[in-house]
Amino acid sequence: MKKIGTAIILESLMEEGVEVVFGIPGGVLIPLYDEFYDSKIRHILMRHEQAAAHAADGYARASGRVGVCIATSGPGATNLVTGLATAYMDSIPVLALTGQVPTTLIGNDAFQEANITGITFSVTKHNYLVTDVKELQNTLREAFYIASTGRPGPVLVDLPKDVQTAETDYKKDIKINLPGYKPTYGGHPKQIKRAADLIISAERPVIIAGGGTIISGADEELRELAELVMIPVTTTLMGKGAFPEDHPLSLGMLGMHGTRYANYSVMNSNLVIAVGVRFSDRVTGKIESFAADAKIIHIDIDPAEIGKNVRADLPIVGDAKNILSSITNEIKIQIKKEKTKDWLAKVKRWREEYPLSFEESGETLKPQYIIKELYKTTKGEAIIVTEVGQNQMWAAQYYLCNRPRRFISSGGLGTMGYGFPAAIGAKVAKPDEMVFDISGDGSFQMNCQELATAVQNDIPVKVAVLNNGYLGMVRQWQELFYERRYSGTKLGYLPDLVKFAEAYGAFGTRVTRKSEVRSAIEEAIETDKPAIIDFRIEEEENVFPMVPAGAPLDEIIGGN
Amino acid sequence: MKHVLAALVENKPGVLSRIINLFSRRGFNIESAAVGETEDPKISRLTVVVEGDDKVLEQVTKQLNKLIDVIKVSDLSSGDMTGRGLALIKVSVDRETMGEIIEISDIFRTKIIDVSPKSLIIEVTGTDEKIMAFIDLMRRFGIKEMAQTGLIALARGAKATTIKKEG
Ligand SMILES: Cc1ncc(C[n+]2csc(CCOP(=O)(O)OP(=O)(O)O)c2C)c(N)n1
Ligand SMILES: [Mg+2]
């Protein structure tokens, strides 16, 4: 059957089960948008392409499915770059469709021409420029396949206008032929056996679960292993939700702003079982002294992660879900000995001695208190999305997360302005869930235009702005390491957020006292509208505990 | 240490720029890179010479393998291999030096491919060491211009970097 390019694109999206796309049209995309006019696929018109990419990313993180964003050629496409880089760093399956000038004009600096495939080489898992409509259907199939399999990531497909309007045969069945792309899923049986042996005999084991655990859907397998051998579990920021944080074996988050007891446990362990982590510098601290006495089992689907940052004594390449269940099965057939009892007692002492803490003072608003109240009011059941900075770390520390895909944050790239549009995407993916963006006054202003998107499309996300008047995280470093020389960090002016919300037709409220926190959160939840709460928090509150950049993970300041 | 890697890649537009981009992004120190078609026109072969320790080599290999268009990567320097490069060198000549240049060129089994009253173009092929040695010897006559390919290499014997055909 003959079809034109744009029809093939829509047909392919339908075949892949796409229900919603986030985008903004433009000159070269008019043919494609014409197709959306009477399509079953929902198009959500964003107000900035960066936000379209973040929304697709938030959708993907909340649902586990590929998120799709669309932008026109030139500035539309270049606006996607930060969103793609964000998704790339956190291994999120996003498909970006970009318009391109007609093939006959490519290379001539035509109006709104940008070499977006060249520009995005480094921030996509793969990308394509489709120059012949005959390749379109295959390319889209491959793009979805690459984005969602192996170690997921964003894929961009650039669509010249003449390819969109050209006609070709639409095939019922197409086969993917990617000789250079064969992800490994099953772990090597010998390595699995060795891992089981190491785990059984370890006296001081600890599990570090990262974002890969969530992507793989390995949370249950992880829990089974941890409970079977009684191993304490810490997660990275990206791994939050891979293991229930109210579980007695949970140590919460490790790293720069992790709990003291998580960091001490890792540093004193003699076996680290790292699942789907890439050992970022925010997690390891000074790399040479990281878990110096421990053997490291590193489970990851991406072989290039093994040995990249941290030595792996026992690498296992493959899918975490498969590998963890194989290891557990292997352990089950061996005799069980209670090896970790003393270790758990020690970990427990650290936990009691160094709990997360902050100073409460009268009626002044402490951000930590707000997050704790939010946790209580939502019964821990909200999907939490964060911005970047102190707000992100307080959210990670105080909003416990017990299930995967319910804590969404830009970990690798640390993109301010990510949270709000990502929350919109998450809410679209999970309309029946409560979605809260925990935000900062700086970050919120980086994509606050999306309030129009939320109101127009009836996407009632809730935003808790922890308004400290500063680019707080940078200010904190200046306070601690640059003699309080607050250069370029005082925001000083912020539009009245209540009026701002109202101007967009959303709900807005302000909280200046502790006693108002609860009712403000309840009000925000009750309204069917998108809501913004302006929490006027203590301006110079710091995030503690903290491991200064480059210091060993157990050289911790503050927080006790 | 120097390593020679051979990569089979899909012969598609943009593949080389992807690879070069990868090298610069990851900060790999690449001494030379040479690409050309293989016996199968759908596949090109890239030979890279990379400087670094085993950890660097491992990362280069793995990161190359991660590119969708890269089908296979092997480390030729881990086994017995034979590698060749080619250089074209334009040397200044006059009546006095002509004889000596030709003599040296003969010893190195080069080809003189262009002759003019004031210069010669000499084609030298061989291992890196041989080419470097020849270039050094030519310097004193005055090298006017020079072009050099990157190293290309194959494993000796029956061992080969090829793709198993499916089915
Ligand atoms: C796009 C972007 N620009 C700059 C930074 C550097 N940066 C990291 S945290 C931060 C401050 C964030 O301020 P705010 O959103 O108010 O959060 P707070 O730390 O005050 O909670 C900045 C500027 C960044 N992460 N992302
Ligand atoms: Mg702030």
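Owing to the predicted nature of the structure, the values given are computational and were not obtained by experimental measurement. (Residues numbered from 1 in each chain as written. Chains lettered and ligands numbered in written order. Predicted model: local features only at pLDDT ≥ 70, side-chain atom pairs only at ≥ 80, totals over all residues. Heavy atoms only, no water.)

K.L.:
Could you give me a rundown of the coordination of the magnesium ion (ligand 2), with the residues and numbers involved?
P.N.:
Residue and element names in this part refer to chain A. Of the protein atoms, only Asp441 (OD), Asn468 (OD1) and Tyr470 (O) coordinate the magnesium ion (ligand 2), at distances of 2.1 Å. Each donor residue of the magnesium ion (ligand 2) lies on the same chain, and together they follow the pattern D-x26-N-x1-Y. With a gap of 29 residues between them, Asp441 in helix H19 (residues 441–444) and Tyr470 in the loop between strand S18 (462–467) and helix H21 (472–481) connect regions that are remote in the sequence. Across the pair, exposure class does not vary: Asp441 and Tyr470 are buried alike. (Donors = N, O, S within 2.8 Å, 3.2 Å for Na, K, Ca; no water. Helix = DSSP H or I, 4+ residues; strand = E, 2+ residues; numbered from the N terminus. Buried < 20%, exposed > 50% of the residue type's maximum accessible area, 1.4 Å probe, protein only.)

K.L.:
Please give an account of the nonpolar core that cites residues and values.
P.N.:
Residues and elements named next belong to chain A. In terms of nonpolar packing, the biggest core is built from 51 residues, with Phe22, Met46, Cys69, Val385, Phe444, Val461 and Ile532 touching the most fellow members. A per-element tally of this core places helix H3 (residues 49–63) first, with eight residues. Residue contributions to this core reach at least three from each of two domains, namely domain 1 (2–169) and domain 3 (367–536). When residues no more than four places from it in sequence are discounted, the contact partners of Val461 are Phe420, Ala423, Ile424, Lys427, Val435, Ala454, Pro530 and Ala531. Ranked by size, the runner-up nonpolar core spans 34 residues in total, among them Met253, Ile384, Ile438 and Val543. (Core = buried A, V, L, I, M, F, W, Y, C linked by side-chain atoms within 4.5 Å. Domains from an automatic or database assignment. Contact = heavy atoms within 4.5 Å.)

K.L.:
An account of the packing of helix H12 (residues 260–268) of chain A against helix H15 (residues 341–353) of chain A is needed here, citing residue identities and associated values.
P.N.:
The description of two packed helices rests on the angle between their axes and on the distance between the axes. Residue and element names in this part refer to chain A. Interhelical geometry of H12 versus H15 gives an angle of 145° and a closest axis separation of 9 Å. The handedness of the crossing between H12 and H15 is right-handed. Contacts from Tyr261, Tyr264, Ser265 and Asn268 of H12 reach H15 at Trp343, Val347, Trp350 and Arg351. Residue composition of the contact of H12 with H15, by class: five nonpolar, two polar and one charged. (Axes fitted to C-alpha atoms, helices over the stretch in contact; angles between N-to-C directions. Left-handed = near helix turned anticlockwise from the far one by under 90°. Nonpolar A, V, L, I, M, F, W, Y, C, P; charged D, E, K, R; others polar.)

K.L.:
Describe in detail the domain arrangement of chain A, supporting the description with residues and values.
P.N.:
Residue and element names in this part refer to chain A. Segmentation of chain A into domains returns domain 1 (2–169), domain 2 (189–353) and domain 3 (367–536). Of note, the centres of domain 1 and domain 2, computed from C-alpha atoms alone, are 37 Å apart. Counting residues at the interface gives seven residues for domain 1, matched by six residues for domain 2. Carbon and sulfur atoms supply 60% of the area that domain 1 and domain 2 bury against each other, a total of about 550 Å² over both sides. (Buried area = accessible area lost by both parts, 1.4 Å probe.)

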